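# Analysis of the macromolecular model
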Amino acid sequence: MPSASLPGELPSTGVVEFDRLMIGTEQYLRWVEKIESRGFLVQQRALTRGTACEIADRVVTVDPERFRYTDLLHESRHIRQIERAEEQGIDPFGEGRFATIRRAWFERGAYEYEQRLGRKFGFSRDYLGFLEERINHYWKRSYQQELRFSLAAQEHFGRLWR
Amino acid sequence: MRFESLYIIRPTEALKKRLEQIDPDVAQMLSEPRLWTKSEGGRTAWTDKDNRAQIKLLFLLRLWSDYVVGASADDRLKACLENMLGIPPFSEDLFDHWWEVERFDGVDECFEEVEHRLSLDQPHLLANSPLPRVEAWLSDLASQEAVASSAP
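Residues numbered from 1 in each chain as written. Chains lettered and ligands numbered in written order. Predicted model: local features only at pLDDT ≥ 70, side-chain atom pairs only at ≥ 80, totals over all residues.

On to the sheet that holds strand S2 (residues 51-56) of chain A. Read from one edge to the other, the open sheet built from 4 strands follows the order S1(A)-S3(A)-S2(A)-S3(B), with strand pairing classed as mixed. Two strands in the sheet have a free side with no partner beyond their single neighbour: strand S1 (41-44) of chain A together with strand S3 (43-44) of chain B. The pairing of S1 of chain A with strand S3 (residues 59-62) of chain A spans 4 bridges and is parallel. By the bridge assignment, Val42 of chain A is partnered in S3 of chain A with Val60 of chain A. This element, helix H3 (residues 69-87) of chain A, spans S2 and S3 of chain A together with S3 of chain B of the sheet and lies at about 15 degrees to S2 of chain A. (Pairing = 2+ DSSP bridges. Helix = DSSP H or I, 4+ residues; strand = E, 2+ residues; numbered from the N terminus. Contact = placed C-beta atoms within 7 Å. Axes fitted to C-alpha atoms, helices over the stretch in contact; angles between N-to-C directions.)

Right, here's the structure in full:
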């Protein structure tokens, strides 16, 4: 079990397979090879407590002591979101209109994906609560209202897979 | 995914009241709002409360470091801050007594981007301005609209 049970760390899913640390496994090496072949760069370094991974531009930074299988799946979702946005002619890292909401949209999508995994594979109630909290953390009420009242926002996010 | 968050730091009523009694230059330094950007996000357990606490603590350290330890020859601000901050360690409670911090959770817009997006078909909806520079800007937008509408 990684440091997930320590105060301030990402919580455990309650399912050993998903809490497994990835660094040094065949699965991780294949994952790195696969996403680097698609134009991403993966680097490893210690991140702040409670953070397992970050994506900025096309650089994926992984904390070797924290990065678990469930984190890998979460980041894989982001990789696919980024690629599909680019296929739509949208720069996922660009600034300008909807940039902030777009990042929140991607986080919402990745955490909803984990919720589906959680229901399927029996993640703990605590972890499912954490996922719900994360969605509320990122998906602000002001973003929901923009999407509700603006046709342009509906059109933009209608094209954007999450 | 990483993103930039915006925080605005403002004086509390307690600080405003305190500033009424002190040197106006120092009062201005301490009463003006401060805007901080902070890189956040990623696959993380960090909450709004955690991020806000970081801002508060670092803000206090920044005041201490720049204006107390690193005070210039004009040490009026240093004297005021030493009195307000007291002796380290500094806590969130201390920050909350003198300042408040708000995270911007609204929808942000860039003027130039909005102007670019809307100018070609919308300026006729805006009233003339008594300000000559703004009026010239409106005229420029209207002429762009005319060129665009006459294009084949």
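Below, the discussion takes up the interface of chain A and chain B. Counting from both sides, the interface comprises 26 residues of chain A and, opposite them, 17 residues of chain B. Elements with a minimum of two residues in the side of chain A that touches chain B: S2, H3, helix H4 (99-121) and helix H6 (141-149) of chain A. Among the elements that make up the side of chain A that touches chain B, the one with the highest residue count is S2 of chain A (6 residues). The class makeup of the residues in the side of chain A that touches chain B is 8 nonpolar, 9 polar and 9 charged. Note that S2 of chain A and S3 of chain B share 2 bridges and pair antiparallel. Bridge pairing links Cys53 of chain A to Arg43 of chain B in S3 of chain B. (Nonpolar A, V, L, I, M, F, W, Y, C, P; charged D, E, K, R; others polar.)

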